[in-house]
Structures are given as structure tokens and as C-alpha cells.
Amino acid sequence: MYILLALVGACTLGIAAHYMIGGRELRGVALTPAMATALAALFYTGMQWLGVGEDSIWLWLASIVGSVAVAAGLTVAIVASRRRSDASARAALGI
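Residues numbered from 1 in each chain as written. Predicted model: local features only at pLDDT ≥ 70, side-chain atom pairs only at ≥ 80, totals over all residues. Heavy atoms only, no water.

## Some points on the overall build of the chain
Here's step 1: In terms of regular secondary structure, the chain is built from 3 helices and 0 strands.
Here's step 2: Starting at the N terminus and ending at the C terminus, the chain contains elements arranged as α-α-α.
Here's step 3: What you see for the chain is a C-alpha radius of gyration of 16 Å, clearly larger than the 12 Å of a compact globule of 95 residues, by over 25%.
Here's step 4: For the chain, buried positions account for 31% of its 95 residues.
Here's step 5: Restricting the contact set of the chain to residue pairs at least 6 apart, pairs at least 24 apart contribute 66%.
Here's step 6: Accessible surface computed for the chain: about 5800 Å², of which carbon and sulfur atoms make up 72%.
Here's step 7: In the chain, the 6 positive side-chain charges and the 4 negative ones have mean positions that sit 18 Å from each other. (Helix = DSSP H or I, 4+ residues; strand = E, 2+ residues; numbered from the N terminus. Rg over C-alpha atoms; globule rule 2.2 N^0.38 Å. Buried < 20%, exposed > 50% of the residue type's maximum accessible area, 1.4 Å probe, protein only. Contact = heavy atoms within 4.5 Å. Areas by Shrake-Rupley, 256 points an atom, 1.4 Å probe, with all protein chains shown as cover. Lys, Arg positive; Asp, Glu negative; His and termini not counted. Charge placed at Lys NZ, Arg CZ, Asp CG, Glu CD.)

Laid out in C-alpha cells, this is it:
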């Protein structure tokens, strides 16, 4: 049940990250929160399998803050890739 706390926390911070990162018009509104939530589930489950207990701060930091940081980095990379792709498409079309 504690995994739900990590997922809700990561999703909430993912929503905040979506609005803090520029280029919102180049990506979907659910991209960053969805990535943060999925990564939080992976980090939490992986650390549980490695034997990290629910009372460890590292489990919570990795699953909430770490997943949001990775999702934010991926979002920045996706926006940069989209901008490059759009620029090359405009150049190819002569716009």
C-alpha cells in the first residue's frame, strides 16, 4: 500500500514539473506526470526487491524525487528533439 504514496507524490510533482519546463506546446499534458509515475513504480519496486525497507529515506527519495528528476530530464530531451525535428521539417519545406 505504501507504493501508492510514492506514486501519488511522483505524479503530483510530475504535474508541477510539466508546468515548470518550457515547450509545453510541443508535448502532451500527461507526458511528464505519466513518466514520473511509471518511473516511481519501477524505482520503488526495484528497491523493495533489493531489500530496502519502507522505513528507509532512500526508498522515498529515489522513488519520488529521483523519478521526477529523471522524468524532467527526459521531458527536456523530448522537447529539444521535437524542436530540432520541427526546424528540419520547416527547412525541408522551405518555410
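## Details of the packing of helix H2 (residues 31-49) against helix H3 (residues 57-93)
Here's step 1: Relative orientation of the contacting elements H2 and H3 amounts to 145°, with a least axis distance of 8 Å. For H2 against H3, the interelement crossing comes out right-handed.
Here's step 2: Looking at side-chain class alone, the contact of H2 with H3 contains 17 nonpolar, 6 polar and no charged residues. (Axes fitted to C-alpha atoms, helices over the stretch in contact; angles between N-to-C directions. Left-handed = near helix turned anticlockwise from the far one by under 90°. Nonpolar A, V, L, I, M, F, W, Y, C, P; charged D, E, K, R; others polar.)

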